Every structure is written in C-alpha cells, then in structure tokens.
Amino acid sequence: MATDYVIAKQVSKHFGHQQVLNQIDLTLPAGMIYGLIGPSGAGKTTLIKSILGMEAVDSGTVKVMDTVMPNRAVMAQVGYMAQSDALYETLTARENLTLFGQLMSVPKIKLAQMIDYAAGLVDLTSQLDKRVSGYSGGMKRRLSLAIALIQDPQLLILDEPTVGIDPELRQQIWTELNKLKDTGKSMLVTTHVMDEAERCDYLMLIRHGIALAEGTPAALKQQYAVDTIEQVFLKAGRMQDANDGNR
Amino acid sequence: MRTMAIVRRVFKQMLRDKRTLALMFLAPLLIMTLMYFLFQNNTTQVASLGVHHVDQSVVNVIDTKNVTIHHYDSSQARKMIKQHDLDGYLTQKNGQLTITYSNSNPTNTSLIKASLQSGLVKLKMKTLVTVTKKQRAALESQQAALKKLTAAQTQATVTKLKTAIAQAQARGDQATAEKLQKQLKQATATTSSSTQSAKATSYTTKSHYIYGSSDSTFFESFLPAFLGFFVFFFVFLISGVSLLNERTTGTLSRLLATPIRRSEIIMGYLIGYGGFAIIQTVLTVVFTITVFKIHLVGSIWLVFLTNLLLALVALTLGIFISTFANSEFQMIQFIPLIVVPQIFFAGLVPVDGMASWLQAIAHIMPLYYGANALTAVVTKGAGLGDIGVNLLILVGFMVVLTMLNIVGMKRYRKV
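Quick notes on the rules
- Residues numbered from 1 in each chain as written.
- Chains lettered and ligands numbered in written order.
- Predicted model: local features only at pLDDT ≥ 70, side-chain atom pairs only at ≥ 80, totals over all residues.
- Heavy atoms only, no water.
- UniProt positions renumbered as here; feature names shortened; annotations may be inferred.
- Helix = DSSP H or I, 4+ residues; strand = E, 2+ residues; numbered from the N terminus.
- Rg over C-alpha atoms; globule rule 2.2 N^0.38 Å.
- Buried < 20%, exposed > 50% of the residue type's maximum accessible area, 1.4 Å probe, protein only.
- Contact = heavy atoms within 4.5 Å.
- Areas by Shrake-Rupley, 256 points an atom, 1.4 Å probe, with all protein chains shown as cover.
- Lys, Arg positive; Asp, Glu negative; His and termini not counted.
- Charge placed at Lys NZ, Arg CZ, Asp CG, Glu CD.
- Patch = residues over 30% accessible without salt bridge, like charges linked within 9 Å, V, L, I, M, F, W, Y side chains within 5 Å.
- Salt bridge = Lys/Arg side-chain N within 4 Å of Asp/Glu carboxyl O.
- Domains from an automatic or database assignment.
- Pairing = 2+ DSSP bridges.
- Axes fitted to C-alpha atoms, helices over the stretch in contact; angles between N-to-C directions.
- Core = buried A, V, L, I, M, F, W, Y, C linked by side-chain atoms within 4.5 Å.
- pLDDT = per-residue confidence, 0-100.
- Buried area = accessible area lost by both parts, 1.4 Å probe.
- Phe/Tyr/Trp six-rings, centres within 6.5 Å; stacked < 30°, edge-to-face > 60°.
- Lys NZ or Arg CZ within 6 Å of the ring centre and 35° of its normal.

Labelled according to an unreviewed UniProt entry, chain B appears under the name ABC transporter permease, originating from Lactiplantibacillus daowaiensis. Annotation of chain B in UniProt includes, under Sequence similarities (unreviewed entry), the sentence "Belongs to the ABC-2 integral membrane protein family." Chain B has a UniProt comment under Subcellular location (unreviewed entry) that states "Cell membrane".

For chain A, an unreviewed UniProt entry supplies the name Glycosyl transferase family 2 and the organism Secundilactobacillus collinoides.

Quick look at the structure:
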C-alpha cells in the first residue's frame, strides 16, 4: 500500500504567547513506526492532538486517511492511547474494553473476539474481570494500549506507550507493534526514552515546537556523526540553543 | 447506540459506588424524618413567665398551656429573668401591669404577649359580663313591675270592653259590637306578645379547610418544596462531580477521541443519572406519603414528572457548573453559591412578599418553578394545566443548559 495515513503540512499552534508548534511537516505512510522524540513540553502531545482533530491548529492542515481533520467519523479508524491512563477505575478491564469497543462501533458479534485479541496482545487475559482500581501502573498502561487496539485500526497514535512498563513487557509490546506494522498498520509513537527511539523506522526530533531533525535512526546518527540517538538529540539541542543565541 | 454505552457505564459506576447510592437514596429519607419530628410538635412551645404581686385573677387568665407561671418575691425583673432563665417578668403596681421580656427567643416573647393580651381581654369581658348581669337583674325587676301594671290595665280594658259589647249586643247594634270585639282581640294580643322577650344570639364557629385539615403542620407545607430540593441538590452534586472526574482523569478527553458525538455524551448522562433521580424521587415521595401519612391532593404522577424535570435541570446545571471547577473541592464551593440560595425561593418565604428585585432573582431560579409546581400539586391538587407553564420553563432551562454543555465540550474536541 502506498497511501499515506497522515499528512500534516505547516502545522502551527500557540497557547497564549507560547509557540507550541512551529510549521511542522509530518508524513506517515502505511506500515511504518514513526517516532516523535523530544523533551517534556516540546509539543509532542499537542501535535498528536492536532492530528486527531481534538486541538484546533492556528495554521496549516492535517489530513488523516485522506480526510481533512478535524473529522469525527475518521476517529473510528484511529486507535489512540493517551499519555495519562484515562480509564474507568470502578469498572473491570473487560467493561472498559467493551465501552470503548461500542463507542468505536465494533460490531456486537466481533466485540468479544476483539477483547480477547487485544487483551492477549498486552498479556491481560487472566486479569480481564478485575476492577481497574486494583491494577498496577503497568497494567493500566497495557489496558490503555489494548483499548487503542479494540477496533483493529489501521493507524495507532500512542502517546508515551511504555511509561511505567517493565523492560520485559516493553520488549513484548515492541515485538507486537512490529507485528502490527507487518500487517500494514502504521504507528505514531511519542517517547522520551532514547533506546525506544532506536526501534522506530523514522524519527522526528521536536524541541520548543520546532522539528529539529528527521530521518531514519541510522541516517540521523550519520548526519550528526554520533553513535546513539541520545547524542543526536543532545547535539541537535545544543545547535538549536546556539542558533537562538545568535538571533 | 453510543448513548446507551454511556448510559450503561453510568449505571455500572453508580451501582458500584455504594456510598454515593446510599447518599442519594437514604439521606433524603433521613433528613425528611428529622424534619417531620422537628416541625410536627411546634405547638407545645412553652414560655416561662415570672410574676410578682400580680392579682390572682390576672395570673389565672395568663396561665395557659403555652405559658408557665412562676411566682417570685422580687420586683427586679432584669435580675430575676437572668437568674431564673425566664422569658418574661410581670409586675403590678396598683392597676399598672409592667412586663419585661427577655427576648432572647422571639417566639417565646410573642407567646407571652399573646397570652397576656388574650388574658386581659378575657378579664375585661368578665367584668363586663358581671356588670351586665347586675343591670339585667335590675331591668328584669322593673319589667316585672311593669308587666303587673299592664296586666291590671288590660284586665280593666277587657272588662270595660266586654260590658260595652254586652250592652251593644243588648241594644242590637251589631256594627259597634263587632268593632269592640276587634279592640278586645287587640288588647288581649298585646299582652301575649309582650311576654316574648328577645334572647341574645350566642355564636359558635365551625371551621372548614379548603386545603389540608386542622391537623396540617408546618412540615406538610414545606414538604413539597423539600422534595424538589433534595432531588435538585443530590443530582446537581453527583452529576457535577462525576463529569468533573471525567475531565480531571482524562476519560472525557479519551471519550472524545472516539467518533462519539458531544451530544451523545450529554444525553448519556441525562438518561443515566436521570434514571437514578427517578428512583430517588419515587423512594422519597412514597416514603413520605406512606410513613408520615402526608395527604397528597393532586396526582402522584405529576409529582414524579415535576421532580424528573427538576432533576434534569439540576443535571445539566451540574455538568455546566463543573466546567468552572478544577477539583471536587471547587465543585463543593459552588453549593453555597448556586444551590443554597434556591431554597429561599422555593416557597419557604413567600415570594409575593419579597422586594421586587428579589422577586426578579426568584424567577431565574429553577427550584422556584419546580417547588411552586410541587406545592400546587401536593397541597392544592393542581393539574397539568395549572402547572404547565412552570414545567415548560423547567424544560426551557434544561434545553438551554444542554446546548451550552454540548457547545462547551468543544474545548476538548473541535468537532
């Protein structure tokens, strides 16, 4: 498939006097894990919310599945995992999955099957009928991911998906994300964990709302002549600060 | 479909939150029961009155079931009131009665005032009665003398006339005889009529009550307003806090990342929490009617309908207000601002007697319309036609607030 799931052009956004996004261009084709890396407050979440159509942009356009956002109907084709675990704690995991499945218009006959599939993917099958209030932080994160997968979307937007998840499970999740990618799905993942950035197919470094650099991890390392993405990030950041100083 | 998913979620969440359920369903019953006993026996209030050197006849008339009399040997009212915790102190100097009120409890002051006044009136009446009795006795003796006199006179006239008639008849003068006969009849008639003396009418009263009965209490008149208030208060609080929770935990934003319509979320809330409001209303109304034997004049269905509309207004208002709060604590802060003032305009204080600017405020309070309608149905048996305007205004409140809520959610998602 050669279609682009997300095309963002010249997206700018400010809150008050603060420029949160400054003319960001982003293209996410099918079958790719796209990483957004940057420090907290860099504008990653705002970019994601702009792509989802929850945040209005000041200028620029966002298209998801060839539809100009914001658009309510397109949201059914996007699996979203928010940065904070937005779960109903008094409900069980199964009830949470059922609710979001219904909201995502998953057919009734398919819903039980999808719940089993999504729960199996994040290793929560045995805990499905426990109330979320009894879940650990990592379990909640996994449930959030399962909810994002409930309607089997082609596009997944994951905001810090592996925060609070132990290394072994993180490994599992990445394996699953790669499997999903192989079926033609695309993922837009934000992270500030640099070793996760290495696993992405394509990276965009965001700092102070500006796309500092982008490319495959290997290309970025080569471009900045360093060994790790972390060093790429630090170097790019220093160059940005130097530029700001010159201005 | 999506609305029903939200409704099911609201129901599940509520049913699992046992404390909130208990608050919603049992707290009104508890408060109603308390109020029932508090306001039921409001006639047994007793004021204590100290007396010093007051004529026994005066004391006797003041001594009612609402005032207890204590005799003291001091004329220093102020001191005695303080010392013996009295509500009033009565002293007498010749014909002058002097009363001092403690006035720490205005109800007791007015109790004494009323007893004293009615007592003095009674006393005056008594003296008046004794005076009239004496006069009557004198009059009666005079009348008796007079009667004797007139009787003797009539007797004389009658004998005179009788002899005249006899003479006329003897003469054969029929016309004169008839004339005299008539005069004779008249003379005897006057004697019989004068014995019919006029008797004074004594008045008795028989009371009829259009609404309620002589047993009607304070509680009954307040009950309808409180029925409305409880539903309003609890639904406002619970719906407001739960939407606030959705906002602060991020679930609202998460919900809006699905294709759900903003209106579907609001409708889900209306149906979900509206359902619990109905259960609360039914429980409270049935409880008060069966346990307290409150006489419901109008239709119970109209009570349910009015309360449901009030609940929906409270629901939309709670959701609306919650957008201005950032925490549960801030939500609680809106209660004295938004909810408590409404109770003053719910009929506890007659709105007609308020200053015009206060009346204007009353008309922007949803509870004013709701409580008025409830009072009309419960105590006067008003029908749908009588309270229709009130119900329409409630619907208006609900519609406007719902629209505002739907538009307000644009903050979290642009479509």
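Next comes the rest of the account.
(A) Main features of the overall build of chain B. Helix and strand content of chain B: 14 helices and four strands. Taken against the 2.2 N^0.38 rule, which gives 22 Å for 415 residues, the C-alpha radius of gyration of chain B at 38 Å runs more than 25% over that of a compact globule. Across its three principal directions, the C-alpha atoms of chain B cover 130 × 70 × 40 Å. Across the 415 residues in chain B, those meeting the buried criterion constitute 42%. Put simply, 70% of the contacts in chain B that link residues at least 6 apart link residues at least 24 apart. Total accessible area computed for chain B in this model is approximately 23,500 Å², and 62% of it derives from carbon and sulfur atoms. Distance between charge centres in chain B, computed from 39 positive and 16 negative side chains, equals 4 Å.

(B) Spotlight on a nonpolar patch on the surface. All names here are of chain B. Together, Met 4, Met 267 and Ile 271 line one region of the surface with nonpolar side chains, adding up to about 240 Å² of accessible area. Here Met 267 lies in helix 9 (residues 262–291). Overall, Met 267 belongs to the partly exposed group, its relative accessible area being 35%.

(C) The domain arrangement of chain B, seen in detail. Under the domain assignment, chain B is made up of domain 1 (47–191) and domain 2 (213–411). Centre-to-centre, using C-alpha coordinates, domain 1 of chain B lies 60 Å away from domain 2 of chain B.

(D) Summary view of the sheet that holds strand 4 (residues 96–101) of chain B. All names here are of chain B. In space, the four strands of this open sheet follow the order 2-1-3-4, with mixed pairing throughout. The sheet is open, and its two borders are formed by strand 2 (67–71) and strand 4, each paired with just one other strand. Between one strand axis and the next, the sheet turns by 25° as a mean value, whatever way the strands run. As judged from the six bridges shared by strand 3 (residues 88–93) and strand 4, these two strands associate in the antiparallel manner.

(E) Quick look at the nonpolar core. Counting residues in hydrophobic clusters, the biggest one holds 174 residues, and the most contacted among them are Leu 26 and Val 64 of chain A. Considering each element in turn, this core owes the most residues, 18 residues, to helix 7 (residues 218–249) of chain B. Among all residues touching Leu 26 of chain A, those that are not within four sequence positions of it are Val 6, Ile 7, Ala 8, Tyr 34, Leu 36, Leu 47, Ile 51, Leu 188 and Met 204 of chain A. Ranked by size, the runner-up nonpolar core spans 15 residues in total, among them Val 54, Ile 62, Leu 116 and Leu 123 of chain B.

(F) Representation of the confidence of the model for chain A. Mean pLDDT over chain A: 87, with 98% of residues reaching 70 or higher. Confidence, read as mean pLDDT per element, is least for helix 8 (residues 229–246) of chain A in chain A (81) and greatest for helix 2 (residues 93–103) of chain A (93).

(G) Structural detail: the interface of chain A and chain B. Across the contact, 29 residues belong to chain A and 26 residues belong to chain B. Carbon and sulfur atoms make up 62% of the surface buried where chain A meets chain B, a total of about 2,600 Å² over both sides. Interface area lost by chain A to chain B is led by Arg 72, Tyr 88 and Leu 103 of chain A, which between them contribute 28%. Connecting chain A to chain B are one salt bridge. Between Arg 16 of chain B and Glu 95 of chain A there is a salt bridge; the shortest N-O distance is 2.6 Å.

(H) Quick look at the UniProt feature "transmembrane region" (unreviewed entry) in chain B. Residue and element names in this part refer to chain B. UniProt annotation of "transmembrane region" (unreviewed entry) refers to residues 21–39, 222–244, 265–292, 298–322, 334–358 and 387–407 when read in the numbering used here. The span residues 298–322 carries 92% helix and 0% strand; its end-to-end C-alpha distance comes to 36 Å. End-to-end, the C-alpha atoms of residues 334–358 are 20 Å apart, and along that stretch the chain is 72% helix and 0% strand.

(I) Inspection of the packing of aromatic side chains at higher detail. This structure, assessed with the given rule, holds 19 aromatic pairs over all chains. Each ring, one from Phe 287 of chain B and one from Phe 292 of chain B, has its centre 5.5 Å from the other, and the planes form 80°; the classification is edge-to-face. Looking at Phe 292 of chain B, the relative accessible area reads 6%, which means it is buried. Put simply, the rings of Phe 222, Phe 226, Phe 229, Phe 230, Phe 233 and Phe 234 of chain B touch in pairs and so form one group of aromatic residues. In this structure, Arg 254 of chain B packs its charged tip against the face of Phe 100 of chain A, placed 4.9 Å from the ring centre.

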